[in-house]
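Below are the chains, spelled out letter by letter.
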Amino acid sequence: MTARIIDGKAFAAILRESVAEHVSHLKQRHGITPGLAVVLVGDDPASQVYVSSKGKQTVEVGMHSYEYKLPADTSEADLLALIEQLNYDLSVHGILVQLPLPKHIDEALVINAINPAKDVDGFHISNAGLLATGQKAMVPCTPLGCLMMLREYCGNLSGLNAVVIGRSNIVGKPMAQLLLRESCTVTVAHSRTRNLPDILRQADIVVAAVGQPHFVQSSWLKEGATVIDVGINRIDQEDGTTRLVGDVDYEAAKEVAGAITPVPGGVGPMTIACLLANTVTACCRAHSLPEPKGLTV
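Residues numbered from 1 in each chain as written. Predicted model: local features only at pLDDT ≥ 70, side-chain atom pairs only at ≥ 80, totals over all residues. Heavy atoms only, no water.

A look at unusual backbone geometry
Among all residues save glycine, negative phi is the norm, and among peptide bonds the norm is trans.
Step number 1: Cis geometry is found at the peptide bond from Leu99 to Pro100, where omega equals 0°.
Step number 2: Within the secondary structure, Pro100 sits in the loop between strand 4 (94-97) and helix 4 (107-111).
Step number 3: Residue Val263 is joined to Pro264 through a cis peptide bond whose omega torsion reads 0°.
Step number 4: Turning to its location among the elements, Pro264 is positioned in the loop between strand 11 (259-260) and helix 10 (267-286).
Step number 5: In the Ramachandran plot, His214 falls in the positive-phi region, its phi being about 55° despite a non-glycine side chain.
Step number 6: Structurally, His214 is set in the loop between strand 7 (205-208) and strand 8 (226-229).
Step number 7: Exposure remark for His214: the relative accessible area of 27% places this residue in the partly exposed category.
Step number 8: At Ser288, a position not held by glycine, the phi torsion is positive, near 55°. (Helix = DSSP H or I, 4+ residues; strand = E, 2+ residues; numbered from the N terminus. Buried < 20%, exposed > 50% of the residue type's maximum accessible area, 1.4 Å probe, protein only.)

In structure tokens:
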């Protein structure tokens, strides 16, 4: 068996087209243009590239992009003041503060200072609580993208056994909540779970978000399982270069799995596409308009 490759790049392109259509609809029928504000503190190279990509894609789908690049020594008070300003700015429907932040700034304090209705990352404690209790929330982008791909490749998820490896607030926990909403039987595992291979061999769906390169071995997988690899790990090669790999031993796993996401080109592109989708959803909710179909759970 050779797995179907879940092309996240192609899926994200389709999602961005849908976002662009919804944005055009909002402009033409309601005179509203969704706006996304991204705040970057410091000069981390990876974060700079990520923020630049977000800004470019925001403009490409027809939305307003607002970028705030602050020096690394920006005080916590000044950052919180900017967030308060954006909370009250009616042209801004989504606010994202790029993580990680400098060590002198309390990330939890900053995240929870964002208006939950504009929290398009879905990290605010209010959104986490709403998601956990099955209510309408802003859903974290990476789990949302994973769910969209699972629905596409698995169809009806009801009754399937799903194992999420990883318990972070950003991916693992919200992913488990989304799968529960789909009526999956969900196990949340992690790097210290006992008998993890035996647990995974019962899983129809595996979402790997443990942050360890090639952690999941092909022999751990049930034949025909759908594998979503959230991991992004940079490893050294013999020639002195580096390359990106996931949390799953991809080359071996694709001979066992029924469908699998590659790294890169799998989950990553969907994260930004879902950020754009969340911004449109937030805009519609702010103006009491029907929620756009296909952009959220």
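There is more to say after this.
Regarding helix 1 (residues 8-30)
Step number 1: Along its 23 residues, helix 1 runs 32 Å from first to last C-alpha, staying within 8% of the 33 Å computed at 1.5 Å per residue.
Step number 2: Those residues of helix 1 that sit buried are Gly8, Phe11, Ala12, Leu15, Val19, Val23 and Leu26.
Step number 3: Measuring from the side-chain oxygen of the N-cap residue of helix 1 to the backbone nitrogen of Lys9 gives 3.1 Å; that N-cap residue is Asp7.
Step number 4: One or two positions beyond helix 1, positive phi appears at Gly31, with a value near 65°. (Expected span 1.5 Å × (residues − 1). Polar contact = N/O pair within 3.5 Å; in protein donor to acceptor, adjacent residues only side chain to side chain.)

Remarks on helix 7 (residues 172-181)
Step number 1: Along helix 7, the positions that sit buried rather than exposed are Gly172, Pro174, Met175, Ala176, Leu178 and Leu179.
Step number 2: Looking at the packing, one finds that the buried side of helix 7 touches helix 5 (125-132), helix 6 (141-154), strand 5 (161-165), strand 6 (185-189) and strand 7. (Contact = heavy atoms within 4.5 Å.)

Comments concerning the pattern of salt bridges
Step number 1: Applying the stated criterion across every chain yields a total of seven salt bridges.
Step number 2: Across the salt bridge formed by Asp204 and Lys222, the nearest N and O atoms sit 2.7 Å from each other. Pair noted here: Asp204 is in the loop between helix 8 (196-200) and strand 7 and Lys222 is in the loop between strand 7 and strand 8, with a separation of 18 residues, a long-range link. (Salt bridge = Lys/Arg side-chain N within 4 Å of Asp/Glu carboxyl O.)

With respect to the side chain of Lys54
Step number 1: Within the secondary structure, Lys54 is located in helix 2 (residues 45-60).
Step number 2: For the buried Lys54, which has no salt bridge, the nearest side chain bearing the opposite charge is Asp121, at an N-O separation of 5.6 Å.
Step number 3: Beyond its immediate sequence surroundings of up to four residues, Lys54 is in contact with Leu96, Gln98, Ile272 and Leu275. (Lys, Arg positive; Asp, Glu negative; His and termini not counted.)

Notes on the packing of aromatic side chains
Step number 1: Considering all chains together, one arrives at one aromatic pair under this definition.
Step number 2: With a centroid separation of 5.6 Å and an interplanar angle of 90°, the aromatic rings of Phe215 and Trp220 are classed as edge-to-face.
Step number 3: Overall, Trp220 belongs to the buried group, its relative accessible area being 16%. (Phe/Tyr/Trp six-rings, centres within 6.5 Å; stacked < 30°, edge-to-face > 60°.)

Some thoughts on the packing of helix 6 against helix 10
Step number 1: One way to put it is that helix 6 packs onto helix 10 with a least axis distance of 8 Å and a crossing angle of 105°. In this view, helix 6 runs roughly perpendicular relative to helix 10, as classed from their interaxial angle. For the pair helix 6 and helix 10, the contacting residues are Cys141, Thr142, Leu144, Gly145, Cys146, Met148 and Met149 in the first and Val267, Met270, Thr271, Cys274, Leu275 and Asn278 in the second. (Axes fitted to C-alpha atoms, helices over the stretch in contact; angles between N-to-C directions. Parallel < 35°, antiparallel > 145°, perpendicular 65-115°, else oblique.)

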